[in-house]
Amino acid sequence: MHKVAAIGDRESVSGFRAIGMEAFSPCGREECQSLLKKLCTGDYAIIYITEEFAQHCRDIIKKYEDVISPAIILIPGVKNNTGEGMRQLSLSVERAVGSQLPE
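Quick caveat, the model's predicted, so the values are computed rather than measured.

### So, the packing of aromatic side chains
- Tallied over the entire structure, the rule returns 1 aromatic pair.
- Note on Phe 16 and Tyr 48: the rings are 5.2 Å apart at their centroids and 35° apart in plane angle, and the pair reads as tilted. Here Phe 16, found in helix 1 (residues 10-18), pairs with Tyr 48, found in strand 3 (residues 44-50); they are 32 residues apart in sequence, far enough to count as distant.

Printed below as a string of structure tokens:
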């Protein structure tokens, strides 16, 4: 069975844990990259990652952006949001349906 995980600071991912998903709060760039690589090669179909933590893993995320699984989805966190998550979602919808999301 496929699993769903969330990566980010404790405050941002605690809600995922509360509904039964696995949530991880790595310390530092190397731990975040190592964790994401491990999750990508495991049984995870969806991996949510906060924008702040995604900044540490750009190369890994890019590698998986055109595959079906795992889907790595950027989400806003409690702090340090850049709007990248919404931009990526908009691009994904545009590619899928050929039209932009209304603003």
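Still more to cover.
### Comments concerning the side chain of Glu 52
- Following the sequence through the fold, Glu 52 ends up in helix 3 (residues 51-54).
- One buried charged residue, Glu 52, forms no salt bridge at all, with the nearest opposite charge on Lys 79 at 4.9 Å.
- Setting aside its immediate chain neighbours within four residues, Glu 52 contacts Asp 9, Lys 79 and Asn 80.

### Concerning helix 2 (residues 29-40)
- Here helix 2 is 12 residues long and its end C-alpha atoms lie 17 Å apart, about the 16 Å a rise of 1.5 Å per residue gives.
- Along helix 2, the residues classified as buried are Cys 32, Leu 35, Leu 36, Leu 39 and Cys 40. Looking down the long axis of helix 2, one finds its buried residues gathered within 130° of arc, a one-sided arrangement. In helix 2, the exposed positions that point more than 90 degrees away from the buried face belong to Glu 30, Lys 37 and Lys 38.
- Where helix 2 is buried, its residues touch strand 1 (3-7), strand 2 (22-24), strand 3, helix 3, helix 4 (58-63) and strand 4 (71-75).

Analysis parameters
Residues take numbers from 1 onward in each chain, read along the sequence in its written order. For a predicted model such as this one, the threshold for reporting local features is a pLDDT of at least 70, and the threshold for listing and counting side-chain atom pairs is 80 or more; totals across whole chains, interfaces and linings nevertheless cover every residue. Excluded from the side-chain calculations are hydrogens and water; all other atoms, namely the structure's heavy atoms, are used. Each aromatic pair joins two rings of Phe, Tyr and Trp (for Trp, the six-membered one) with centres within 6.5 Å, and gets the label stacked for planes under 30 degrees apart, edge-to-face for over 60, and tilted for any other angle. Secondary structure elements follow DSSP: runs of H or I of four or more residues count as helices, runs of E of two or more count as strands, with numbering from the N terminus. Note on exposure labels: buried denotes an accessible area under 20% of the residue type's maximum, exposed denotes more than 50%, and partly exposed covers the range between, all computed with a 1.4 Å probe on protein chains only. Think of it this way: Lys and Arg go in the positive column, Asp and Glu in the negative one, and His and the chain ends go nowhere. A side-chain nitrogen of Lys or Arg and a carboxyl oxygen of Asp or Glu constitute a salt bridge if their distance falls within 4 Å. Residues are treated as being in contact if the distance between any of their heavy atoms lies within 4.5 Å. Residue count minus one, scaled by 1.5 Å, sets the expected span of a helix. To be clear, the arc concerns the directions from the helix axis to the C-beta atoms.

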